[in-house]
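Chain by chain, the residues run as shown.
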Amino acid sequence: MTAPHGFSVSRYAPERGTLARLTARDSVLRRLDWPILLSALALSGVGSLLVWSATRGRTELNQGDPYYFLLRHLLNTGIGLALMIGTIWLGHRTLRGAVPILYGLSIVLILAVLTPLGATINGAHAWIVIGGGFSLQPSEFVKITIILIMAMLLAAKVDAGDQLHPDHRTVAKALALAALPMGIVMLMPDLGSVMVMAVIVLGVLLASGASNRWVLGLIGAGVVGAFLVTALGMLDEYQINRFAAFANPDLDPAGVGYNTNQARIAIGSGGLLGAGLFKGSQTTGQFVPEQQTDFVFTVAGEELGFVGAGLILVLLGVILWRSCRIARETTELYGTIVAAGIIAWFAFQSFENIGMTLGIMPVAGLPLPFVSYGGSSMFAVWVAIGLLQSIRVQRPMTA
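The structure contained in this document is the topic of the report that follows. In this text, all values refer to a predicted model and were calculated from it rather than measured experimentally.

1. Regarding the overall build of the protein chain
Stage number 1. Assigned secondary structure in the protein chain consists of 16 helices and 3 strands.
Stage number 2. The buried share among the 399 residues of the protein chain stands at 48%.
Stage number 3. Put simply, 72% of the contacts in the protein chain that link residues at least 6 apart link residues at least 24 apart.
Stage number 4. Total accessible area computed for the protein chain in this model is approximately 18200 Å², and 68% of it derives from carbon and sulfur atoms.

Next comes the structure, spelled out in structure tokens:
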């Protein structure tokens, strides 16, 4: 039997079958959370333009190539997308069995930072230089492993139907496993990452249904820990100066307060619609340090204005909103805890990054998710998106 125009049916059947599988109601493509995916892609796309604007004239950084950072940012995004696809393909349930291995590997990597393999970049001894202009920041991946190891422990007996809530012994084990990498990262010291991890732990505990006494105890321990870290001199001088500048912006406007003051000038000069891409005087004049990484939001504020900067906030809000839906709709506590940890991570890190450019939060050296330049951060956030998508894809379908 032949089809119209002389083509055989057998030639068309496989294509029609493949298309039908891809568009079926239970297919992976149909079950993906597209608002999250498209918002994350849009943020990475906007970030590429902002990074390009901030670095195209920085010959001391871009090795004379105005496209150097743009191409690397796009490459990092592409690798991040590949990691997301791989995470979805493996599935968060499959990864659940490999969590102890991933946790052990993350411990090894952050310990390596404290050896001669570690390197200091922008004041933080938190990197491993790989070579060829590439470096790795292991603390970014520790955020993921803390979420996964705590979720695995706290949800094990609940998902098995043995308990309604995690017992005290299980919570204590989960907190101990989270405290180990956090303590190592604090030795670097990478205070910004530790702050994010602490918020992640708090979000995980709240989502797990653990006793409120643990939550209150954790908050109290955080206050005591902050006092001890300061009293014992565990912070570097530049970190102490950042908090001092936050408490008193006029303390040293040409020194420790310079970054924040210049950031606010850049954002304030943008007005409603901005000066236009590549036309910001603060950006082209290179007045704001680290503008392609920690202070990338200042480029948006100056060149895209309130509207463009507001769009970034909206896209981040969509990711958080849809992530909350995923956490609420999954039928397993493990998935709920993983999603909640990612929500806490994205929400706090975004607030801290944007807040420090506005002067309402201390400078902590944290990138803006999906937007800032940096391979380790980009890889980690896209793996997190893959975990969220896996939780949604693998949930039971409703009639």
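Continuing now.
2. A closer look at a nonpolar patch on the surface
Stage number 1. On the surface, a cluster of nonpolar side chains totalling about 430 Å² of accessible area is made up of Leu75, Ile79, Leu83, Ile130 and Phe134.
Stage number 2. Tracing the chain through its elements places leucine 75 in helix α5 (residues 68–90).

3. Brief notes about the pattern of salt bridges
Stage number 1. Counted under the stated rule, the structure contains 6 salt bridges.
Stage number 2. Of the charged contacts, one joins arginine 322 and aspartate 33 as a salt bridge, the two residues approaching to 3.0 Å between their closest N and O atoms. Placement of arginine 322 in helix α14 (residues 296–329) and of aspartate 33 in the loop between α2 (28–31) and α3 (34–55) is noted, with a sequence separation of 289 residues between them. Neither arginine 322 nor aspartate 33 differs from the other in exposure class; each is buried.

4. Some words on the side chain of serine 377
Stage number 1. Counting through the fold element by element, serine 377 comes out in helix α16 (residues 375–393).
Stage number 2. The residues contacting serine 377, other than those within four sequence positions of it, are Glu140 and Pro367.

5. Observations regarding the environment of valine 393
Stage number 1. Here valine 393 shows up in helix α16.
Stage number 2. Distance from valine 393 to arginine 30, taken between C-alpha atoms, is 8.8 Å for residues 363 residues apart in sequence.
Stage number 3. Filtering out sequence-adjacent residues up to four positions away, valine 393 remains in contact with Val28, Arg31 and Leu32.

6. What to know about unusual backbone geometry
Stage number 1. One non-glycine residue, glutamine 63, lies in the positive phi region at around 60°.
Stage number 2. Position of glutamine 63 among the secondary structure elements: in the loop between α4 (59–62) and α5.
Stage number 3. Phi at glutamine 286 is positive, roughly 60°, even though this residue is not glycine.
Stage number 4. By the element assignment, glutamine 286 lies in the loop between α13 (281–284) and α14.
Stage number 5. Given the relative accessible area of 34%, glutamine 286 is considered partly exposed.

7. Examining helix α8 (residues 168–186)
Stage number 1. For α8, spanning 19 residues, the distance from its first C-alpha to its last is 26 Å, which sits close to the expected 27 Å at 1.5 Å a residue.
Stage number 2. Those residues of α8 that sit buried are Thr170, Val171, Ala174, Leu175, Ala178, Pro181, Met182, Ile184, Val185 and Met186.
Stage number 3. At the N-terminal boundary of α8, the capping side chain belongs to aspartate 167, with an oxygen 3.2 Å from the backbone nitrogen of arginine 169.

8. Topic: the packing of aromatic side chains
Stage number 1. Within this structure, the stated rule accounts for 7 aromatic pairs.
Stage number 2. With a centroid separation of 5.2 Å and an interplanar angle of 65°, the aromatic rings of tryptophan 345 and phenylalanine 346 are classed as edge-to-face. Residues tryptophan 345 and phenylalanine 346 agree in their burial class; the two are buried.
Stage number 3. Counting every residue linked through ring pairs, the aromatic cluster contains Trp345, Phe346, Phe370 and Trp382.
Stage number 4. It is arginine 96 that lies over the ring of tyrosine 334; its NZ or CZ is 4.2 Å from the centre.

9. Some thoughts on the packing of helix α12 (residues 258–269) against helix α15 (residues 333–358)
Stage number 1. Packing of α12 against α15 leaves a shortest axis separation of 7 Å and a crossing angle of 90°. Here α12 lies roughly perpendicular to α15, going by the angle between them. Along its contact with α12, which presents Thr260, Ala263, Arg264 and Ile267, the element α15 presents Met356, Thr357 and Leu358.
Stage number 2. Per-class residue counts for the contact of α12 with α15 are 4 nonpolar, 2 polar and 1 charged.

About the thresholds
- Each chain has its residues counted from 1, running along the sequence as written.
- For a predicted model such as this one, the threshold for reporting local features is a pLDDT of at least 70, and the threshold for listing and counting side-chain atom pairs is 80 or more; totals across whole chains, interfaces and linings nevertheless cover every residue.
- With hydrogens and water excluded, all non-hydrogen atoms of the structure serve as input to the side-chain values.
- Where helices and strands are cited, they refer to DSSP runs of H or I of at least four residues and of E of at least two residues respectively, numbered from the N terminus.
- Categorising residues by exposure relies on relative accessible area from a 1.4 Å probe, with only protein chains included: less than 20% of the type maximum marks a residue as buried, more than 50% marks it as exposed, and the intermediate range marks it as partly exposed.
- Between two residues, a contact is recorded if the distance between any of their heavy atoms is within 4.5 Å.
- Residue burial considers only the protein chains on display, and all accessible areas are found by Shrake-Rupley using a 1.4 Å probe.
- Only residues whose relative accessible area exceeds 30% and that form no salt bridge are eligible for patches; like-charged ones are grouped when within 9 Å, while nonpolar side chains (Val, Leu, Ile, Met, Phe, Trp, Tyr) are grouped when within 5 Å.
- Whenever Lys or Arg places a side-chain nitrogen within 4 Å of a carboxyl oxygen from Asp or Glu, that contact is recorded as a salt bridge.
- A helix is expected to span 1.5 Å multiplied by its residue count minus one.
- Polar contact is the term for a pair of N or O atoms within 3.5 Å; when the atoms are in protein, one must be able to donate a hydrogen and the other to accept it, and sequence-neighboring residues count only if both atoms are side-chain atoms.
- Stacked, tilted and edge-to-face are the three classes assigned to paired rings of Phe, Tyr and Trp, where Trp is represented by its six-membered ring and a pair needs centres within 6.5 Å; plane angles under 30 degrees give stacked, over 60 edge-to-face, the rest tilted.
- Charge-over-ring placement is defined geometrically: NZ (Lys) or CZ (Arg) within 6 Å of the ring centre, and within 35 degrees of the ring normal.
- To obtain each axis, a line is fitted to C-alpha atoms, and for helices this fit is confined to the stretch in contact; angles are then taken between N-to-C directions over 0 to 180 degrees.
- Oblique is the label for any angle not under 35 degrees, not over 145, and not in the 65 to 115 range, which are roughly parallel, roughly antiparallel and roughly perpendicular in turn.
- When residues are sorted by character, Ala, Val, Leu, Ile, Met, Phe, Trp, Tyr, Cys and Pro go into the nonpolar class, Asp, Glu, Lys and Arg into the charged class, and all the rest, Gly among them, into the polar class.

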